[in-house]
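An overview of the molecular structure
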Amino acid sequence: MGNSIGLMFGLPGQGMHLHLDALSLLFVCILLPQTVAAALAGMRGSFTFWLFVLGMALALLAGDAFTLIFGFELMSAASWLLVMQGDARPATLYAGVAIFSGACLIPALFLPVSSLAFVLIALGAGAKAGLAPLHSWLPRAHPAPPAGVSALMSGGMVKVALYVLIRYAFVNLAPAAQPWWGVALVAAGALSVLIGALRAVLEVELKTVLACSTVEHVGLITVGLGLALYAKATGDAALSGLALQAALLCAVAHGLFKPLLFIGAGEVKHATGTTSLNWLGGLMRGMPRLGALMLLGAACMAALPLGPGFAPAFLLFHAAIGAAATGGILARIGFSGLLAVLGIGGALALAAAVRLIGLGFLGRPRSLHAAAAEDLRRGPYLAMALLGVLCTPVALVPGLILELLNPVIMLLAPQADAPPLSYAPLTLLLLAGLAALAAGFVQTRWGTRGLREVAAWNGGFGRPPAWLPFGDPHTQASATGFAEPVMRLLGKGLLGTTLADPAERFLLLPLFRLQTRLIRLAERVRRATIRERLAFVFAVLVAFLLALGLGQGG
Amino acid sequence: MLGFAFAFIATVLHIVLCFVGAPLVTGIINKLRAWALGRRGPPLLQPYLHLARLLRKITLVPDTATDLFTFWPLGAFLALAVATMLIPGFTTGMLTADAGDYVTIIGLFALARSATMLGGLETGFGFGGAGAAREALFGIFAEGALLVLLLAFALLAQTTSVDGIATAFRTAHIGISVSLGFALAAMLAVALTETGRIPTDNPSGHLELGMVHEAMVLEYSGRLLALLDYGGMLRLLAWMNLIGTIFLPFGMAQATEIFSWPGGLALWAGKLLVMAVALSIFEVSRAKMRVFRVPEFLGAALLLGMLAGVFLFVAARIGA
């Protein structure tokens, strides 16, 4: 596929060009359902929203560097406006990161094919995708706008940034590819997985939890991309195919379930007025449809078998094992560490998903608002149902989806040759069905039917008093309490007691101090007296003449 | 064709034996534990009677639980049942061998764990929440250790399906290597945690502050508790099968050769018995550790798993 069209407007004398190939088609396909869903969820009246979508589509379909940058910056600017409509506080940080990413990308697109261009692309696209260590803006900015926009930012915008990274790292800069490019991406991805998954367990706001989980999934995709880049540079055909399959399938799955979860979070906010897990609970009773859809989304987020999230994780684990089997002792140690990080990240994601469902939707309500919540409105229901239905093929026939991804993989790594997928969800489903039949038979043959509703036993404690209809909220695990063991053993070590993101502590804070120091310096220059200024000019003149004289004399 | 029929029969035999025999294994372990402590112990068939009694009882549902209360035990049971079907027991080459990738099995255990955790959070009372939070913590290190272990197995066996690992370890001359020793220690630590045995959890504790697994199923009764308890028995057997298949693959039968079955079955029973004796002796000689010491225990397993992979590299270099 190589269809190009020129547009009648754009740079004078050059115009703008659109180009559609397998890679852009894949990302357009990822973008399309979530755009429809976000529009259904109540964003279709907003002009800025459509501008945002237009920017993303332009960036994906760009045939030249100018169109790409134009679309990318249109996307950044429109999303900045949307963030500002929701919450002005993170908007400044968001704009700063967007400017940084533009400042890295624009020179990179016009540099010759070299490692410097790759570094700039990785910095620019990585900052926009929320790749560690440039991720700390994401958990602040993504929850700010309305749910439909959050959904598209988490599901779509980070994918556009990753698209730019893939397009340049695998296609445009391919002649200069080095193995260390892949290693650098793997390291950044592994860091994102660890920090994102850990913060997803510890955060209390529902939307922030989801945004942290986005950081984790961007990390997973980047680990896959990095492994593929490494394998492509070292000429390992099987590994590059496997890793690319993992990365692209993960992008597809994430583009379906993350918008679903974000739209659901918006509905929770609409129904209860809060998204803090410490004020929710028992929503499954008042909002059964939302609860069922969120359960589906959470199962994907946790990469559980029979969900759409498992096949990518499965492929990624196998790719990491394949990478650890090749190379020297350093590669062995490094990729073993990567496996450990992926395993720990997966279990942390599971804990985060269980916490989201268990504390938000099960148990007793923690506030009257949560107890009185009404179910989904029509638009968001349709949006979530659409995404949920689309999750099904990814969950049950991942092999078929991988077949569809083949042209993209051929485009990115022509020699790639992945082994067939050895995860068979339909077989597992069949076996589970057999076990369920057997259990049902035993139950009807020998069991006693019927359920009787009683007060909870609760280890023998008495019933709560009448003025507490759902019992004492303090006798139920809170979101903070559920995360306390993890906080105690991992959080304090990696994030510190204040729960600040390490990127903020080690990157943003020093930058802020540097800025303060520079401002003080500028202020001193501004306040210099006339004598100091004259003395400075004189000193410079003397130094200049000395240098000149010494240069000519010597 | 005949080979397929034999493989089918072997698979069915394996599944039936596992599902019927799981309570017996638990009964044997309980009996051995009691003997080691100088008591007479419950009869061997006590777990069957326990399940039958629970099935006959009326199932109570707390009024604070949601509609999904009955769903979690079923989910946990189904995940464990599928895992049990996938892990080979007395024979290799079963029909389920292709689906039984090691990563899939880890995923199924994780699925069962998450269903149990959600069941614990369902009622919204303190014990269930505390148990689920601790289970989540243990799971983090256990899953990391299990994945790292796979590296050592995959490097030695050149495959990641449990069946393939067993075949490779049985036929190829692997010998006794330092890496496999480390891997065994790590696997045992994870297995003890996952099955809720001493030293990380007390299988016979019922109402104490340090309990983990029992805390999550506290509100369940009747047939739902039977499902959960039976799932626990299946999980113990599945883990014994997994360890037996990977570390003691000698004498396993071939599914397509019917004459190798009796030997395989006898050896399988023998291996399970040896593991049951080892487990009960280990359990009565150790004390339960504090909840927050368990991650250190599992962290050591994680490091051992990484060392196993690294030592394999060293061993390959020096030609040992």
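Residues numbered from 1 in each chain as written. Chains lettered and ligands numbered in written order. Predicted model: local features only at pLDDT ≥ 70, side-chain atom pairs only at ≥ 80, totals over all residues. Heavy atoms only, no water.

**A look at helix 5 (residues 115–129) of chain A**
All names here are of chain A. Its 15 residues place the ends of helix 5 20 Å apart at the C-alpha level, agreeing with the 21 Å of an ideal helix rising 1.5 Å per residue. Among the 15 residues in helix 5, 11 count as buried, and that is most of the element. Of all the positions in helix 5, only Ala117, Phe118, Leu120, Ile121, Ala122, Gly124, Ala125, Gly126, Ala127, Lys128 and Ala129 are classed as buried. Where helix 5 terminates, the next one or two residues include glycine 130, which has phi positive at roughly 80°. (Helix = DSSP H or I, 4+ residues; strand = E, 2+ residues; numbered from the N terminus. Expected span 1.5 Å × (residues − 1). Buried < 20%, exposed > 50% of the residue type's maximum accessible area, 1.4 Å probe, protein only.)

**Describing the interface of chain B and chain A**
It is common to give the size of an interface as the accessible area that goes away when the parts come together. Each side of the interface is counted separately: chain B has 73 residues, and chain A has 73 residues. When chain B packs against chain A, the two sides together hide about 6300 Å² of surface, and 77% of this comes from carbon and sulfur. Its largest share of buried area at the contact with chain A, chain B owes to Ile140(B), Phe292(B) and Phe313(B), together 10% of the area lost on that side. Counting across the interface, chain B meets chain A through zero salt bridges. At the junction of chain B with chain A, the criterion picks out 16 residue pairs in polar contact (both at pLDDT 80 or more). Every element with two or more residues in the side of chain B that touches chain A is listed here: helix 2 (46–56), strand 1 (59–62), helix 3 (71–86), helix 4 (102–122), helix 5 (126–157) and helix 11 (294–318) of chain B. Per-element tally for the side of chain B that touches chain A: the top contributor is helix 5 of chain B, with 18 residues. Here the residues of the side of chain B that touches chain A are counted per class, giving 46 nonpolar, 16 polar and 11 charged. Pairing between strand 3 (residues 451–454) of chain A and strand 1 of chain B: four bridges, direction parallel. In the strand pairing of strand 1 of chain B, Arg452(A) is matched with Leu60(B). (Contact = heavy atoms within 4.5 Å. Buried area = accessible area lost by both parts, 1.4 Å probe. Salt bridge = Lys/Arg side-chain N within 4 Å of Asp/Glu carboxyl O. Polar contact = N/O pair within 3.5 Å; in protein donor to acceptor, adjacent residues only side chain to side chain. Nonpolar A, V, L, I, M, F, W, Y, C, P; charged D, E, K, R; others polar. Pairing = 2+ DSSP bridges.)

**As for the pattern of salt bridges**
All names here are of chain A. Here the structure, examined in full by the defined rule, presents 15 salt bridges over all chains. With a shortest N-O distance of 2.5 Å, arginine 199 and aspartate 501 are connected by a salt bridge. In this pair, arginine 199 is assigned in helix 8 (residues 179–202) and aspartate 501 in the loop between helix 19 (479–495) and helix 20 (502–526), connecting sequence segments 302 residues apart. Residue arginine 199 is classed as buried on the basis of its relative accessible area, which comes to 10%. Exposure remark for aspartate 501: the relative accessible area of 2% places this residue in the buried category.

**Quick look at the domain arrangement of chain A**
Residue and element names in this part refer to chain A. Examined at the domain level, chain A breaks down into domain 1 (3–265 + 276–419) and domain 2 (503–553). Computed over C-alpha atoms only, the centres of domain 1 and domain 2 are separated by 44 Å. Taken together, the six residues of domain 1 in the interface contact four residues of domain 2. Surface buried jointly by domain 1 and domain 2 totals about 400 Å² across both partners, of which 60% is contributed by carbon and sulfur atoms. (Domains from an automatic or database assignment.)

**Quick word on empty space enclosed by the protein**
Enumeration over the complete set of coordinates arrives at 11 cavities of 30 Å³ or more. Size it by volume and the largest cavity reaches roughly 330 Å³. Taken together, 30 residues form the lining of the largest cavity, with Ala302(A), Ala303(A), Ala313(A), Phe317(A) and Gly346(A) sitting closest to its centre. Mapped by element, the contributors of at least two residues to the lining of the largest cavity are helix 9 (206–234), helix 10 (237–272), helix 12 (288–301), helix 13 (310–325) and helix 14 (329–360) of chain A together with helix 4 and helix 5 of chain B. Considering each element in turn, the lining of the largest cavity owes the most residues, six residues, to helix 14 of chain A. Here the lining of the largest cavity is built from residues that sort into 22 nonpolar, six polar and two charged. (1 Å grid on protein atoms, 1.4 Å probe; cavity = no way out; pocket = protein on both sides within 12 Å on 5 of 7 lines; lining within 4 Å. Points joined across faces, edges and corners; volume = space filled by probe spheres on them.)

**Thoughts on the environment of Phe27(A)**
All names here are of chain A. Tracing the sequence through the fold places phenylalanine 27 in helix 1 (residues 22–43). Through-space distance from the C-alpha of phenylalanine 27 to that of leucine 428 is 30 Å; in sequence the pair is 401 residues apart. In this structure, phenylalanine 27 is in contact with Leu60, Lys159, Tyr163 and Ile166, ignoring residues within four places of it in sequence.

**What about the packing of aromatic side chains?**
Applying the stated criterion across every chain, the model contains 23 aromatic pairs over all chains. Ring centres of Phe441(A) and Trp446(A) lie 6.3 Å apart, and the angle between their planes is 80°; this geometry places the pair in the edge-to-face category. With centroids separated by 6.2 Å and ring planes inclined at 45°, the aromatic side chains of Phe90(B) and Trp268(B) adopt a geometry described as tilted. Of this pair, Phe90(B) sits in the loop between helix 3 and strand 2 (91–92) while Trp268(B) sits in helix 10 (residues 261–285); the two residues are 178 residues apart in sequence, bridging distant segments of the chain. Here the aromatic cluster, defined as three or more aromatic residues joined through ring pairs, consists of Phe6(B), Phe90(B), Trp261(B) and Trp268(B). Cation over ring: Arg488(A) sits above Phe292(B), and NZ or CZ is 3.7 Å from the ring centre. (Phe/Tyr/Trp six-rings, centres within 6.5 Å; stacked < 30°, edge-to-face > 60°. Lys NZ or Arg CZ within 6 Å of the ring centre and 35° of its normal.)

**With respect to the state of the cysteines**
All names here are of chain A. In this structure the tally under the stated criterion is zero disulfides over all chains. Note on cysteine 29: no disulfide assigned, nearest cysteine sulfur contributed by cysteine 391 at a separation of 15 Å. Take cysteine 300: it sits in no disulfide, and the sulfur closest to it among the cysteines is that of cysteine 391, at 4.4 Å. (Disulfide = S-S within 2.5 Å.)

**Topic: the environment of Leu80(B)**
Residue and element names in this part refer to chain B. Along the polypeptide, leucine 80 turns up in helix 3. Overall, leucine 80 belongs to the buried group, its relative accessible area being 3%. With 139 residues separating them in the primary sequence, leucine 80 and glutamate 219 have C-alpha atoms 21 Å apart. With residues near it in sequence (within four places) discarded, leucine 80 still touches Phe109, Ala112, Gly231 and Arg235.

**Side note on the nonpolar core**
Judged by nonpolar contacts, the single largest core of 294 residues is most densely connected at Phe52(A), Tyr102(B), Phe153(B) and Met187(B). In contact with Met187(B), not counting residues within four places along its chain, are Tyr102(B), Leu146(B), Leu149(B), Phe153(B), Trp239(B), Leu242(B), Ile243(B), Ile246(B) and Phe247(B). (Core = buried A, V, L, I, M, F, W, Y, C linked by side-chain atoms within 4.5 Å.)

**Structural notes on the packing of helix 19 of chain A against helix 5 of chain B**
Contact pair helix 19 of chain A / helix 5 of chain B: the axes reach a minimum separation of 7 Å and the direction vectors enclose 35°. Crossing of helix 19 of chain A over helix 5 of chain B shows right-handed handedness. Mapping the contact onto sequence places Phe482(A), Pro485(A), Val486(A), Leu489(A) and Leu490(A) in helix 19 of chain A and Gly129(B), Ala132(B), Ala133(B), Ala136(B), Leu137(B), Ile140(B) and Phe141(B) in helix 5 of chain B. Looking at side-chain class alone, the contact of helix 19 of chain A with helix 5 of chain B contains 11 nonpolar, one polar and no charged residues. (Axes fitted to C-alpha atoms, helices over the stretch in contact; angles between N-to-C directions. Left-handed = near helix turned anticlockwise from the far one by under 90°.)

**Considering the side chain of Ser336(A)**
Tracing the sequence through the fold places Ser336(A) in helix 14. With a relative accessible area of 1%, Ser336(A) lands in the buried category. Looking at Ser336(A), its side chain comes within polar contact range of the main-chain oxygen of Arg332(A), at 2.6 Å. Beyond its immediate chain neighbours, meaning those up to four positions away, Ser336(A) contacts Val148(B), Leu151(B) and Met306(B).

**Observations concerning the confidence of the model for chain B**
Residue and element names in this part refer to chain B. Averaged over all residues, the pLDDT of chain B is 90; the fraction at 70 or higher stands at 97%. No element of chain B has a lower mean pLDDT than helix 11, which averages 85, and none a higher one than helix 3, which averages 95. Our summary of model confidence lists the complex with pTM equal to 0.93 and ipTM equal to 0.94. (pLDDT = per-residue confidence, 0-100.)

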